[in-house]
Amino acid sequence: MGRGRGLVSKWLAKWPILGVWALLIAGSFVLAQTLAPPPPEDGGITPMSVIQADLTLPNGTSYAPPATIPMDVAADIGEDGERITKVEFYANGGLIGTDTALPYSFTWTNVAAGAYAIHAVVFSNLGSTLQSNTVNVSVSAPTNQTPSVSLTSPTNGQVVAPGAISIAANASDPDGSIARVEFFVTDTLIASDTTAPYAVSWTPPSTGTYSIKARAVDNAGAASEVTHTLKVNTPPSVGIGLPASGTHQGPLNLTIQANATDNSAVTQVEFYNGATLLATDTTAPFAHAWPNIPSGNYSFTARATDDDGASTTSSAVAIVVTYPPSVELSSPVSNTILGAPASPLV
C-alpha cells in the first residue's frame, strides 16, 4: 500500500489535476480524476468572454450647451456562467457614470462646450473587462445670426425743413432678441433705445446734409446697421407782387408777378387760381400774363420750388374784375333824318 500511495503522489505532482482515489482491495488501486483548467501562462485573469460591446451613440454628433447626451451599451456574453456586473462610461478618459443593470445606459447632463471622446468599459463576474468602441462628439454653441434693422424715418435722401424730426427704425433677430437700437448722426451716437418701437426725436443744428444711422444689437452682441442720407434745407420764400388785392376795372390785361428767393436756387414758380394751375415759369422774373381776363372773382397763389425739391406756397391775393355796363341805341337808327316837328323814339 505504501508503494501505491507514492506512485499517486508523484503522478499528482507531475500533472495539474484534482484527484480523488479509492482503495478497492489491499495492494490494488483504481484512480478517478477531474482535470482543472490550466492557469494563463502570464498568471493574469482569464479573458472575458464578451463577444460584443457597442456604444450606441452616433459618432460625430454635435450638441448645444448645456448639453444632455444619452448613451447605452449593447453587450453579449459568449460563455455560460459569465455575466456582466457593471458598465462604466468615460469621456476623455474620465469616468462620468456607471450602470449595473440592463439596459446598460447613462445620460450625461449639463455638458459644457468642448470635444469629447466617449467609450464604455464592460466588467464581468470573473473580473475581466472589455472596452467598447470610441465615439467622438462635440458640444458647441450654434453660430449666432445677426439681427436685421431698417430705417423707417427719414427715408433715404429725404429733404426736410429745419426743426425737430423723428428718427425711427424696425429691428428683429432670427435666433434671439434685440438688446438695443443705437442712433447715430454723422457717426456720433445721439440715443439708444431698448424697447420697440425704436425711435428718437432730433433737431438738426443747421441746414446741410447728414448721415443718419441705426445700429441694432442682439442679446448675443451681434450687430447690423443701416444708413440714410438726410438733407436739412430752408425752403424758398415767395410772394405775389402783382396784382394787388381788390377790385379791378375791365377790360383788363392782367399780369401776375411773383417774387421768389432761396438760399440756393429757385427752379420754378407755379401760378394758381384757386386749385387750378394757370402757368409755370422757370426763369426770373417770374410772371404770368392773362390778357382780357373775364369778369369774376379770383384767388391767386404762387408756389416756388428750389433745387432741393423744397417748396413754399405764397399767401393768396383775391381780386374782383368788373366791367362797366354796355349801352346800345336801338332807335333812331344812326344818320336817320326826321321831319319837324318830330318826336323820335329813343
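Residues numbered from 1 in each chain as written. Predicted model: local features only at pLDDT ≥ 70, side-chain atom pairs only at ≥ 80, totals over all residues. Heavy atoms only, no water.

(A) Expanded view of the overall build of the chain. Within the chain one finds one helix and 28 strands. Per-residue burial over the chain gives 32% buried out of 346 residues. Within the chain, counting contacts between residues at least 6 apart in sequence, those at least 24 apart form 59% of the total. Put simply, the chain shows about 20400 Å² of open surface, and 54% of that area lies on carbon and sulfur atoms. (Helix = DSSP H or I, 4+ residues; strand = E, 2+ residues; numbered from the N terminus. Buried < 20%, exposed > 50% of the residue type's maximum accessible area, 1.4 Å probe, protein only. Contact = heavy atoms within 4.5 Å. Areas by Shrake-Rupley, 256 points an atom, 1.4 Å probe, with all protein chains shown as cover.)

(B) View of the packing of aromatic side chains. This structure, assessed with the given rule, holds six aromatic pairs. Ring geometry for Trp-202 versus Tyr-210: centroids 5.2 Å apart, planes at 80 degrees, classification edge-to-face. Judged by relative accessible area, which is 12%, Trp-202 ranks as buried. With 6.4 Å between their ring centres and 65 degrees between their planes, Trp-290 and Phe-300 make a pair best called edge-to-face. With a gap of 10 residues between them, Trp-290 in strand β25 (residues 286-290) and Phe-300 in strand β26 (residues 296-306) connect regions that are remote in the sequence. Under the relative-accessibility criterion, Trp-290 is labelled partly exposed at 22%. (Phe/Tyr/Trp six-rings, centres within 6.5 Å; stacked < 30°, edge-to-face > 60°.)

(C) Seen up close, unusual backbone geometry. The peptide bond linking Ala-196 to Pro-197 adopts the cis configuration, its omega dihedral lying at -5 degrees. As for its position among the elements, Pro-197 is in the loop between β16 (188-193) and β17 (198-202). Pro-251 follows Gly-250 through a cis peptide bond whose omega is 5 degrees. With respect to the secondary-structure elements, Pro-251 resides in the loop between β21 (246-249) and β22 (254-261). Positioned with a positive phi, Asn-292 is a non-glycine residue whose angle comes to about 50 degrees. Following the sequence through the fold, Asn-292 ends up in the loop between β25 and β26. In this structure Asn-292 comes out as exposed when scored by relative accessible area, which is 54%.

(D) Focus on the sheet that holds β22. Pairing is antiparallel in the open sheet, where three strands are placed in the order β20-β22-β25. Of all strands in the sheet, those bounded by a partner on one side alone are β20 (237-242) and β25. Averaged over all adjacent pairs, the angle separating strand axes in this sheet is 20 degrees, with direction ignored. As defined by bridge partners, β20 adjoins β22 across five bridges and the pair is classed as antiparallel. In the strand pairing of β22, Gly-239 is matched with Asn-259. (Pairing = 2+ DSSP bridges. Axes fitted to C-alpha atoms, helices over the stretch in contact; angles between N-to-C directions.)

(E) Examining the pairing of β16 more closely. As paired strands, strand β15 (residues 178-185) and β16 are joined by five bridges and run antiparallel to one another. Note on β16: the bridge partner recorded for Phe-183 is Ala-191. The turn joining β15 and β16, which pair antiparallel and follow one another in sequence, is formed by two residues; a positive phi near 50 degrees is taken by Thr-186.

(F) The sheet that holds strand β14 (residues 165-172), seen in detail. Strand order in this open sheet of three strands is β12-β14-β17, and the pairing throughout is antiparallel. Of all the strands in the sheet, just β12 (148-153) and β17 have a single pairing partner and so form its edges. On average, each strand axis in the sheet is inclined to that of its neighbour by 20 degrees, with strand direction left out of account. Bridge count for β12 against β14 is five bridges, and the pairing is antiparallel.

(G) Broad picture of the side chain of Glu-82. Note on placement: Glu-82 falls in the loop between β5 (67-77) and β6 (84-91). Despite its burial, Glu-82 remains without a salt bridge, the nearest opposite charge being carried by Arg-83 at 10 Å. Looking at Glu-82, its side chain comes within polar contact range of the side chain of Ser-124, at 3.1 Å. A distance of 3.3 Å separates the side chain of Glu-82 from the side chain of Ser-128, its partner in a polar contact. (Lys, Arg positive; Asp, Glu negative; His and termini not counted. Salt bridge = Lys/Arg side-chain N within 4 Å of Asp/Glu carboxyl O. Polar contact = N/O pair within 3.5 Å; in protein donor to acceptor, adjacent residues only side chain to side chain.)

(H) Geometry of the pairing of strand β7 (residues 94-99). Pairing geometry for β6 and β7, over five bridges, is antiparallel. Directly across from Tyr-90, in β7, lies its bridge partner Leu-95. Remark: two residues form the turn of the hairpin made by β6 and β7, two consecutive strands paired antiparallel; Asn-92 in that turn has positive phi of roughly 55 degrees.

(I) Inspection of the pattern of salt bridges at higher detail. For the structure on display, the rule yields seven salt bridges. Between Glu-182 and Arg-180 there is a salt bridge, and its shortest N-O distance comes to 2.9 Å. Here Arg-180 falls in the partly exposed class, since its relative accessible area comes to 31%. A salt bridge links Lys-231 to Asp-308, with the shortest nitrogen-to-oxygen separation between them at 2.7 Å. Taken together, the residues Lys-231 in strand β19 (residues 223-232) and Asp-308 in the loop between β26 and β27 (311-313) connect sequence positions 77 residues apart.

Treat this as a map of the structure, not an account of what it does.
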